[in-house]
Amino acid sequence: MNEYDSNRISDLFKANGYLESSDSQDISCYILNTCHIREKATEKVYSDIGRLKKNYRNKSKPFVFITGCVAQAENEEMIRREPYIDAVIGPQSYQNIPNILSSLNNKAKKFNLTDFEVIDKFDKLNSLKNSDTNVSAFVTIQEGCDKFCNFCVVPYTRGSEYSRSPEEILKEVDHLVLNGAKEITLLGQNVNAYSYKKKTNLSDLILKVGKNKKLKRIRYTTSHPKDMTDDLINCYKHEKKLMPIIHLPVQSGSNVVLKNMNRKHSREEYLDIISKLKKINPEISFSSDFIVGYPGESEKDFNDTISLIKKVNFINSFSFIYSPRPGTPASRMKMVDIKIQKKRLIILQNLLEKIQIKKNNDKIKKVEEVLVENRLKNQTQYFGRTKDLTPVILNNIGDDEIGNIIKVRIDKCDKKSLFGRKYSSEREVAA
Ligand code: SAH
Ligand code: SF4
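Predicted model, so just to flag it, every value in this text is computed and none were measured. (Residues numbered from 1 in each chain as written. Chains lettered and ligands numbered in written order. Predicted model: local features only at pLDDT ≥ 70, side-chain atom pairs only at ≥ 80, totals over all residues. Heavy atoms only, no water.)

## Focus: the side chain of Glu-82
Test applied: The way it works is that DSSP assigns letters per residue, a run of H or I at least four long becomes a helix, a run of E at least two long becomes a strand, and they are numbered from the N terminus. Relative accessible area decides the class of each residue, using a 1.4 Å probe on protein chains only: under 20% of the type maximum gives buried, over 50% gives exposed, and in between gives partly exposed. We call two residues in contact whenever any of their non-hydrogen atoms come within 4.5 Å of each other.
Tracing the chain through its elements places Glu-82 in the loop between helix H3 (69-81) and strand E3 (87-89). Residue class for Glu-82 comes out buried when judged on its relative accessible area of 11%. Contact partners of Glu-82, with chain neighbours within four places excluded, come to Tyr-46, Ile-49 and Lys-53.

Here you go:
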């Protein structure tokens, strides 16, 4: 979502006569769009500003804006700690950036915009065309969270759940498709909690988006198990453009830990969703997020997570050591020893990697449908993705295939990617 937000912030600037620059030595305004989900992400903010200060030591100071969830969580404190910052702007206030810039151009002043103005934000952004021209594009449909898992900052930084209107979403999708998008990923912190005026939910929206004739693939992320309703599960029967992979974070395979996390679902309920989906389409794959070493996690709890991973055979997953976030209930609980956390993370990541390599190897000599996204920088190779989002590197095609779904014969793989060539049945026969 930060990638989507950064693009929209860039659109806001462009609409106000500014140009984006990748030259970090000669800019008039520097925007750092930040993530607060784990401590590491937050630390990066201050080290980035340190680097910027060095670059501009003998030059006129650029305006420095901090946007995103660190700005929301730390607000005034950031300006006190680092006076080089001119404005802190929360994720629901970035529509105000052009006004702040023009005020700053007139007189020196600091700005703190961290109210939750989500309706105002989307009202202003809706009138601004999304300039993304990627083959695979994002559209935010939902923001915020009302679930309050005990470890998570999102409800405090992104605010409560908000869903955009289907009309505005469809308009943005149509525009992106006109710009060349062939795949749309619908985004939200709790994307499957999407509900517009209790009339349109995510499954209705997917069917509406699917009506765009030129659009070839639909994805959505990130889902919460609690909102994986039957109508959404059934959507995999009705909408062929909906890709057969679901990112469904489980965090832990232990019921004790899930309860301590306030996840609002059990291991059994989670597995039940998986089997319902597999019944509809056995080809559906699953990816997930895992938190390792959550306060109170015992060896048995950890082994429950390992057994869940073996049961579901997740691909493309993310795993993190628990990071205590200020103000969250879990941050007041006793931490698991860091050595144990690290040891468990290695075991878990090795297992995820082993499954991924096996799944990648299983694709060798098979033919996969790949959406070609772009040419790799300074190379003759091309990049695309299979239906289940696995990256594919391609050799024997040209720019004319960008945006097409082509059949690819997979020759080899490494840990993360597949390598293949466009499949033509005649050539295969001749070979
Ligand atoms: N809404 C989604 C997740 C959004 S946050 C869900 O409910 O699953 C993205 C991921 O960051 C989470 O799935 C979790 O694995 C990780 N995360 C969030 N807070 C964390 C913390 N305090 N420490 C470590 N990982 C965390
Ligand atoms: Fe955070 Fe997701 Fe839990 Fe909401 S549901 S609090 S976003 S982990």
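Having seen the model, we can carry on.
## Let's talk about the site of ligand 2
Using the following cut-off: Summary of the distance rule: residues count as near a molecule or strand when at least one heavy atom falls within 4 Å of that molecule or strand. Classification convention: Asp, Glu, Lys, Arg as charged; Ala, Val, Leu, Ile, Met, Phe, Trp, Tyr, Cys, Pro as nonpolar; all other residues, Gly among them, as polar.
Near ligand 2 you find Cys-145, Lys-147, Phe-148, Cys-149, Phe-151, Cys-152, Val-154, Pro-155, Asn-190, His-224 and Arg-263, and these make up its full shell. Taken together, the residues of the shell around ligand 2 sort by class into seven nonpolar, two polar and two charged.

## So, the environment of Lys-363
Note on placement: Lys-363 falls in the loop between helix H13 (338-362) and strand E16 (367-375). Remark: the alpha-carbon pair of Lys-363 and Cys-413, spanning 50 residues in sequence, is separated by 8.6 Å. Ignoring sequence-local partners within four residues, the contact set of Lys-363 consists of Glu-368, Asp-388, Thr-390, Ile-410 and Leu-418.

## Quick word on the site of ligand 1
Test applied: Residues adjacent in sequence count toward polar contacts only when both atoms are side-chain atoms; beyond that, a polar contact is any pair of N or O atoms within 3.5 Å, and within protein one must be able to donate a hydrogen and the other to accept it. Values of accessible area rely on a 1.4 Å probe in the Shrake-Rupley scheme; residue burial ignores everything except the protein chains shown.
Inspection of the region around ligand 1 gives 16 residues, with Gln-189, Gln-251, Arg-263, Asp-289 and Ser-323 positioned closest. One of the side-chain N or O atoms of Arg-38 is found 3.5 Å from an oxygen atom in ligand 1. In this structure, a nitrogen atom belonging to ligand 1 sits 3.0 Å away from a main-chain N or O atom of Phe-151. Relative to its unbound accessible surface of 540 Å², ligand 1 loses 90% to contact with the protein. Tallied by class, the residues present in the shell around ligand 1 amount to seven nonpolar, five polar and four charged.

## A closer look at the pairing of strand E18 (residues 391-394)
To be explicit about the condition: We treat two strands as partners when DSSP finds at least two bridges between them.
A two-sided burial pattern is seen for E18, the buried positions comprising Pro-391 and Ile-393 on one face and Val-392 and Leu-394 on the other. As judged from the four bridges shared by strand E17 (residues 382-385) and E18, these two strands associate in the antiparallel manner. By the bridge assignment, Gly-384 is partnered in E18 with Val-392. Between E17 and E18, which pair antiparallel one after the other, the connecting turn spans five residues, and Leu-389 there sits at a positive phi close to 75 degrees. The sheet contact formed by E18 and strand E20 (residues 418-422) spans three bridges and is parallel. The residue of E20 that forms the bridge with Leu-394 is Gly-420.

## A few points about the domain arrangement of the protein
Definition in use: Segment limits for the domains were obtained from an automatic or database-derived domain assignment.
One can read the domain layout of the protein as domain 1 (2-116), domain 2 (120-362) and domain 3 (367-430). In this structure, domain 1 and domain 3 have C-alpha centres spaced 38 Å apart.

## Some points on the sheet that holds strand E5 (residues 136-140)
Filter applied, for reference: To get an axis, a line is fitted to the C-alpha atoms, and for a helix only the part in contact is used. The angle between two axes follows their N-to-C directions and goes from 0 to 180 degrees.
If you trace the three strands from one edge of the open sheet to the other, you get E5-E8-E11, paired in parallel fashion. For this open sheet the edge positions go to E5 and strand E11 (217-221), each flanked by a neighbour on one side alone. On average, each strand axis in the sheet is tilted by 25 degrees relative to the strand beside it, whichever way the strands run. Sheet topology places strand E8 (residues 183-187) next to E11; five bridges connect them, and they run parallel.

## Considerations on the sheet that holds strand E19 (residues 405-413)
The strand order around the closed barrel built from five strands is E16-E17-E18-E20-E19, with neighbouring strands paired in mixed fashion. Direction aside, the axes of adjacent strands within the sheet are offset by 50 degrees on average.

## Some thoughts on the packing of helix H9 (residues 230-238) against helix H11 (residues 267-280)
Just so we agree on the cut-off: Should an angle fall under 35 degrees it is called roughly parallel, over 145 degrees roughly antiparallel, and 65 to 115 degrees roughly perpendicular, with every other angle called oblique. A clockwise turn of the near helix away from the far one marks a right-handed crossing, whereas an anticlockwise turn of less than a right angle marks a left-handed crossing.
Interaxial distance between H9 and H11 falls to 9 Å at its minimum, and their mutual angle equals 25 degrees. Considering the angle they form, H9 stands roughly parallel to H11. Between H9 and H11 the crossing geometry is right-handed. In contact with Asp-230, Ile-233, Asn-234, Tyr-236 and Lys-237 of H9, H11 contributes Ile-273, Lys-276, Leu-277 and Ile-280. Along the lines of polarity and charge, the residues of the contact of H9 with H11 split into five nonpolar, one polar and three charged.

## Considerations on the side chain of Ser-136
Relative to the helices and strands, Ser-136 is located in strand E5. At a separation of 2.7 Å, a polar atom in the side chain of Ser-136 contacts the side chain of Glu-183. When sequence neighbours within four positions are dropped, the list of residues in contact with Ser-136 reads Glu-183 and Glu-373.

## A closer look at H13
The test is simple: What a helix should span is 1.5 Å times the count of its residues minus one.
In a regular helix each residue adds 1.5 Å, so 25 residues correspond to 36 Å; H13 covers 36 Å between its end C-alpha atoms and thus fits that length. If you check which residues of H13 are buried, you get Gln-341, Arg-344, Leu-345, Leu-348, Leu-351, Leu-352, Ile-355, Gln-356 and Asn-360. Structurally, H13 contributes buried residues whose contacts are with strand E14 (289-292), helix H12 (299-312), strand E15 (318-321), E19 and E20. Among the residues of H13, the N-terminal cap falls to Asp-337, whose side-chain oxygen and the backbone nitrogen of Lys-339 are separated by 2.8 Å.

## Digging into the environment of Ile-66
In this fold, Ile-66 is placed in strand E2 (residues 63-68). Judged by its relative accessible area of 0%, Ile-66 is buried. Those residues in contact with Ile-66, other than ones at most four positions away along the chain, are Leu-32, Thr-34, Val-45, Ile-49, Ala-71, Met-78, Ile-85, Ala-87, Val-88 and Ile-89.

## Side note on the pairing of E14
Let me state the cut-off plainly: A crossover counts as right-handed when, viewed with the strands pointing away from the observer, the path leading from the first strand over the helix to the second turns clockwise.
Side-chain alternation along E14 places Asp-289 and Ile-291 on one buried face and Phe-290 and Val-292 on a second face that is also buried. Sheet topology note: the E14/E15 ladder contains four bridges and is parallel. Bridged to Asp-289 within E15 is Phe-318. The parallel pair E14 and E15 is bridged by H12, and the resulting crossover is right-handed.

## As for the packing of aromatic side chains
The condition that has to hold: Each aromatic pair joins two rings of Phe, Tyr and Trp (for Trp, the six-membered one) with centres within 6.5 Å, and gets the label stacked for planes under 30 degrees apart, edge-to-face for over 60, and tilted for any other angle.
One pass over the full model with this rule turns up seven aromatic pairs. With a centroid separation of 6.1 Å and 85 degrees between ring planes, the pair formed by Phe-151 and Tyr-294 is classed as edge-to-face. On the criterion of sequence distance, the pair formed by Phe-151 in the loop between strand E6 (142-143) and helix H6 (154-157) and Tyr-294 in the loop between E14 and H12 is long-range, its members being 143 residues apart. On the basis of relative accessibility, which here comes to 11%, the residue Phe-151 falls in the buried class. For Tyr-294, a relative accessible area of 0% puts it in the buried group. Here the aromatic rings of Tyr-270 and Phe-314 are separated by 6.4 Å at their centres, their planes lie at 45 degrees, and the arrangement is tilted. Residue Tyr-270 is located in helix H11, and its partner Phe-314 is located in the loop between H12 and E15; the two are separated by 44 residues in the primary sequence. Each member of the pair, Tyr-270 as well as Phe-314, is classed as buried.

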